[in-house]
Amino acid sequence: MTGLFTDTIAESTSGSGITFSNDIVPATPLSHRNMIINGAMKMAQRGTSADGQGYGTVDRFKTDYNGVDENPTQSQHALTSSDTGPYEEGFRNSFHITNGNQTGGVATGDRIIISHLIEAQDVANFGWNYTSSSSYITFSFWCKSSVAQNFYGRLQTSDGTAQNYAFETGSLSANTWTKITKTIPGNSNLQFDNDNNAGLTIEFNLFRGTLTTGSVTLNTWGAYNSSARVPDMTSTWYTTNDATWEITGVQLERGQVATPFEHRSYADELRRCQRYFYAVDNSDPYHMIAQGASVSTTLFIGIMAVPVTFRGVPDLTTSGSYEFAGTIGGDATSLVITDPTTSNNIQVRANGSFTSGQPGYLRNKNDTNAKFELDAEL
């Protein structure tokens, strides 16, 4: 070593040292290098199985489908030592799709896809010189299909003139985990605004009908065309009843080298996910939601603490029974969330019947099946 700092750590004469090439250091950070949230699929705040569209199980990954005869099922799947490849690399969960029975055949508008959306500001401030074709990001993931087939994926930008980058997995062997790695250059047409809106969409196409497929050049950026997002696809997986497809170890990083997956702690990953979705734990049958006071004979305003500041104003979904306790008393109705984006405190408004000025708190009314969810997803 000729100086205090060096781009290369040379191998020692005994062979016990480590060598880092300039492609890795300093091009790729040694920590916080993975732009994907929940790429190991360990967080599933909403539950472990669902048959609806959108975000239903694994945080930050959603499904979209159209024209199906039977809804596909999404789930957080537990990996075992038989999952050769990802299991040895420390992965214990995957995002798993089970196709329904598509007995009606294939229509041009049919589709089943998985997608992950990234905020524009996270790409803009990632350190990737995305307008330069000499600056790269590397995208990698593990996937497995029960049907031997080639699948397509794509990246799509949202700001400026939308751009599309399509890629393929290559022919996957049935029921075999395969690691896919793609090195992606920047392009002068790319734009990412410094805001909290969707900036980059990553999509895995299990099937798309010809309404949205066509002549697409792989592994290159081009203007987004809604009629040709990926090349025409075989329908083998789609028309195979109860076919499965699963994915884990999703990583998007700076540079031209796919580094080992950045495994983050449970607490770290949970907080990243809670910027977009937060579910109140109702395992306690009298879990407190907010504390405050009645401001009239019918309106309660309380403060609810949340783990992190939301990306934007969240939608509130509730079910089950809630009540006021303390001085107020009585049942709660018409729960509304306001002003959530400036701090970790959220204002909760609810209707009831009480005397103006009474202090109290809002809680679950002994209902472990109640639902109180805040959704600020992209």
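Placed above this text is the structure.
Every value quoted in this text rests on a predicted model; they were computed, and no experiment measured them.

Definitions and cut-offs
- Residues numbered from 1 in each chain as written.
- Predicted model: local features only at pLDDT ≥ 70, side-chain atom pairs only at ≥ 80, totals over all residues.
- Heavy atoms only, no water.
- Pairing = 2+ DSSP bridges.
- Helix = DSSP H or I, 4+ residues; strand = E, 2+ residues; numbered from the N terminus.
- Axes fitted to C-alpha atoms, helices over the stretch in contact; angles between N-to-C directions.
- Phe/Tyr/Trp six-rings, centres within 6.5 Å; stacked < 30°, edge-to-face > 60°.
- Salt bridge = Lys/Arg side-chain N within 4 Å of Asp/Glu carboxyl O.
- Buried < 20%, exposed > 50% of the residue type's maximum accessible area, 1.4 Å probe, protein only.

Chemist: Would you mind going over the sheet that holds strand E15 (residues 299–305) with me for this structure?
Modeler: Adjacent strands of a sheet pair through backbone hydrogen bonds, lying either parallel or antiparallel. Across the sheet, which stays open at both edges, the 6 strands sit in the order E17-E20-E14-E15-E19-E18 with antiparallel pairing between neighbours. Both outer strands of the open sheet, strand E17 (322–326) and strand E18 (333–338), are each paired with one neighbouring strand and no more. The average undirected angle you get between the axes of adjacent strands in this sheet is 30°. The sheet contact formed by strand E14 (residues 288–294) and E15 spans 4 bridges and is antiparallel. Note that in E15 the partner of Ser-294 across the bridge is Phe-300.

Chemist: Looking at this model, I keep getting lost on the packing of aromatic side chains. Mind explaining?
Modeler: Here the distance between the centres and the angle between the planes together describe a pair of aromatic rings. Considering all chains together, one arrives at 17 aromatic pairs under this definition. Aromatic side chains Phe-91 and Phe-261 sit 4.8 Å apart centroid to centroid with 70° between the ring planes, which places their arrangement in the edge-to-face category. On the criterion of sequence distance, the pair formed by Phe-91 in the loop between strand E3 (73–78) and strand E4 (93–98) and Phe-261 in the loop between strand E12 (244–254) and helix H2 (266–274) is long-range, its members being 170 residues apart. Pairing Phe-151 with Trp-245 gives two aromatic rings, centres 5.8 Å apart and planes at 65°, and the pair type is edge-to-face.

Chemist: How should the sheet that holds strand E7 (residues 149–157) be read in this particular structure?
Modeler: Across the sheet, 6 strands lie side by side as E2-E5-E10-E7-E8-E11; this open sheet has antiparallel pairing. Lying at the two open borders of the sheet, with one neighbouring strand each, are strand E2 (62–66) and strand E11 (221–223). Direction aside, the axes of adjacent strands within the sheet are offset by 30° on average. In the sheet, E7 pairs with strand E10 (residues 198–208) via 6 bridges, with the strands oriented antiparallel. When the bridges of E10 are listed, Arg-154 appears paired with Glu-203.

Chemist: When you look at unusual backbone geometry in this model, what are you seeing that I'm missing?
Modeler: With phi around 70°, Asn-38 is a residue other than glycine that occupies positive phi space. Mapped onto the secondary structure, Asn-38 falls in the segment before strand E1 (49–50). Not every positive phi belongs to a glycine, and Asn-175 is a case in point at roughly 55°. Tracing the backbone through its elements, the reader meets Asn-175 in the loop between strand E8 (163–172) and strand E9 (178–185).

Chemist: Teacher, can you tell me more about the pattern of salt bridges here?
Modeler: Pairing between side chains becomes possible if they bear opposite charge and their charged atoms approach one another. Using the criterion set out here, one finds 15 salt bridges in the structure. When the shortest N-O distance is used, the salt bridge between Glu-253 and Arg-33 registers 3.8 Å. Of this pair, Glu-253 sits in strand E12 while Arg-33 sits in the segment before E1; the two residues are 220 residues apart in sequence, bridging distant segments of the chain. Here Glu-253 matches Arg-33 in class, with each residue buried. The salt bridge partner of Lys-144 is Glu-246, with a shortest N-O separation of 3.6 Å. Here the residue Lys-144 occupies a position in strand E6 (residues 136–145), and Glu-246 occupies one in strand E12, the gap between them amounting to 102 residues. Glu-246 matches Lys-144 in its accessibility class, with the two residues each being buried. What you see here is one network of salt bridges that share partners, running through Arg-46, Arg-60, Asp-375 and Glu-377.

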